[in-house]
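Each chain, written out:
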Amino acid sequence: MSSRKIENPEQLREELVRLLRNFEETLKNENLRFKILKLAEAFGKLRRLGVAVVLLEEADSNSASDRILLYLRRYVGSIVSGDELMVVSGIQDYPRRVRELRVQFGWNILSGAAIKQMIHEGDLIVTEQTKVLPDHYLLLHDEQDKGSAYRWNRANAIRKEKTGGGKQKILKFLKENVGVPITGEELRYVAGDSSEWARRVRELRTEDGWKIKTRHTGRPDLQQGVYILEDDLQAERHDRNIPDHMQIGVLERDHYRCLKCDWSRDKLHPDDRRQRLELHHVKYHSKKGENTLENLATLCNVCHDLIHRLDKENIWSAEQFYSWVNPTP
Ligand SMILES: [Zn+2]
Ligand SMILES: [Zn+2]
């Protein structure tokens, strides 16, 4: 890595102004090549000025990657445009550096294509009102994800498989990573950059009963922009198809706690079989029990298994269920 001589931003600015001021004359020149060469010179100076401005703040951000990372880390959670990264890095090929930071160094940087889909499906909420373009970027959190290099290798292998569509590939990748937060960027890649990947994720969750959670679908402890498959079992058929807003309503009403044993995620421990919260239909869906607040109850996975063993045929009334949940002494 060569140490870059810090240029004087003010001097660069003056040179740039002079070039642009003289451009009035340049524009009158008959020779197209001459005009373009002058513009290219201005373009080059502009990028050198961008680099100088960053170096003024952080003198040891020598490489283009260093400066891109510095800039993204300063604006974590914000949408940053490719033009900004070009100015900051001083190079044209900044997308390659962004990919390296993501894939080799584990910085969870979303691309515009992923951001757009996630916003559309309600999986990502951003404050910016801007229209998201493919060369936009967003660093999800200010820390390196240690497992990400390995996961990107697996994502690449699954993506290349001849069999299965995007949805099957997303599921396969999630099943290899049960309990691990996965970024939307990874899922998009696995699905072969399909523009519909986020919708496929939603279908896996809402139609096929896979317990894929996000911060906005029942796991407020998760960071934005990541998906987690909680276990590799599909939900019981009678528990599927509960709309997201209803799931969240029930969880919030029950304060994200198991009604029976009071377990909550902050008590998560590897030696405890209780690993997640699930929703139980007091009257099963198959017995015309509805997806309503009244008919749904939050249980941990252990208590949920238990109630299905105790009341195999689902003949308990709501009163019986609630007196099991909360026996009167
Ligand atoms: Zn419980
Ligand atoms: Zn149930």
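Residues numbered from 1 in each chain as written. Chains lettered and ligands numbered in written order. Predicted model: local features only at pLDDT ≥ 70, side-chain atom pairs only at ≥ 80, totals over all residues.

Turning our attention to the overall build of the protein chain. What the protein chain contains, in helices and strands, is 13 helices and eight strands. A compact globule built from 329 residues should have a C-alpha radius of gyration of about 20 Å, whereas the protein chain, at 26 Å, is more than 25% larger. Each of the three principal axes of the protein chain carries a C-alpha extent, and together these read 90 × 40 × 35 Å. Evaluated residue by residue, the protein chain yields a buried proportion of 32% over its 329 residues. Of the contacts made within the protein chain by residues no fewer than 6 positions apart, 68% connect residues no fewer than 24 positions apart. (Helix = DSSP H or I, 4+ residues; strand = E, 2+ residues; numbered from the N terminus. Rg over C-alpha atoms; globule rule 2.2 N^0.38 Å. Buried ≥ 20, exposed ≤ 12 C-beta atoms within 10 Å, placed from the backbone. Contact = placed C-beta atoms within 7 Å.)

This paragraph deals with the sheet that holds strand 4 (residues 182-183). Strand order in this open sheet of three strands is 4-6-5, and the pairing throughout is antiparallel. Of all strands in the sheet, those with a lone pairing partner are strand 4 and strand 5 (212-213), marking the two edges. Inspection of the sheet shows strand 4 paired to strand 6 (residues 226-229) by two bridges, in the antiparallel sense. Looking at the pairing, Thr183 lines up with Val226 of strand 6. (Pairing = 2+ DSSP bridges.)

Okay, the environment of Gln144 next. Take Gln144: it is sitting in strand 3 (residues 136-144). Between the C-alpha atoms of Gln144 and Asn22, which are 122 residues apart in sequence, the distance is 47 Å.

What follows deals with the environment of Asn326. Relative to the elements of secondary structure, Asn326 occurs in the segment after helix 13 (318-325). Taking the C-alpha atoms as reference points, Asn326 and Asp145, separated by 181 residues in sequence, lie 42 Å from one another.

As a further point, take helix 5 (residues 94-103). Regarding helix 5, the residues found buried are Tyr94, Val98, Leu101, Arg102 and Val103. The inward-facing, buried residues of helix 5 abut helix 3 (64-74), helix 4 (82-89), strand 2 (107-111), strand 3, helix 7 (148-160) and helix 9 (184-190).

Of the pairings in the sheet, the one linking strand 5 to strand 6 comprises two bridges and is antiparallel in character. For Ile212, the partnering residue across the bridge sits in strand 6 and is Leu229.

Our focus in this paragraph is the packing of helix 3 against helix 5. Across the interface, helix 3 lies against helix 5 with an axial gap of 10 Å and an inter-helix angle of 70 degrees. In this view, helix 3 runs roughly perpendicular relative to helix 5, as classed from their interaxial angle. Between helix 3 and helix 5, the residues in contact are Ala64, Ser65, Ile68 and Leu69 and Tyr94, Arg97, Val98, Glu100 and Leu101, respectively. In the contact of helix 3 with helix 5, the residues fall into six nonpolar, one polar and two charged. (Axes fitted to C-alpha atoms, helices over the stretch in contact; angles between N-to-C directions. Parallel < 35°, antiparallel > 145°, perpendicular 65-115°, else oblique. Nonpolar A, V, L, I, M, F, W, Y, C, P; charged D, E, K, R; others polar.)

What follows is about the domain arrangement of the protein chain. In terms of domains, the protein chain is made up of domain 1 (1-61), domain 2 (63-234) and domain 3 (236-329). Distance between the C-alpha centres of domain 2 and domain 3: 31 Å. Between domain 2 and domain 3, the contact holds seven residues from the first and eight residues from the second. (Domains from an automatic or database assignment.)

We now examine helix 3. Along helix 3, the residues that are buried comprise Ala64, Ser65, Arg67, Ile68, Leu69, Tyr71 and Leu72. Where helix 3 is buried, its residues touch helix 2 (32-57), strand 1 (80-81), helix 4, helix 5, strand 2 and strand 3.

Attention now goes to the packing of helix 7 against helix 8 (residues 166-176). Contact geometry of helix 7 with helix 8 gives a least axis separation of 10 Å together with a crossing angle of 150 degrees. With respect to their mutual orientation, helix 7 and helix 8 come out roughly antiparallel. Considering the relative orientation of helix 7 and helix 8, their crossing is right-handed. Touching Arg154, Ala155, Ile158 and Arg159 of helix 7 are Lys169, Lys172, Phe173 and Glu176, all from helix 8. Taken together, the residues of the contact of helix 7 with helix 8 sort by class into three nonpolar, no polar and five charged. (Left-handed = near helix turned anticlockwise from the far one by under 90°.)

Bringing the sheet that holds strand 2 into the picture now. Hydrogen bonds between backbone atoms are what pair the strands of a sheet, whose relative direction is either parallel or antiparallel. Judged by pairing direction, the sheet is antiparallel, and its three strands sit side by side in the order 1-3-2 without closing on themselves. A strand with exactly one partner marks an edge of an open sheet, and here the two such strands are strand 1 and strand 2. Note that strand 1 and strand 3 share two bridges and pair antiparallel. For Val80, the partnering residue across the bridge sits in strand 3 and is Tyr137. Most of the contacts of helix 3 go to strand 3, to which it runs at about 85 degrees, and overall it touches strand 1, strand 2 and strand 3.

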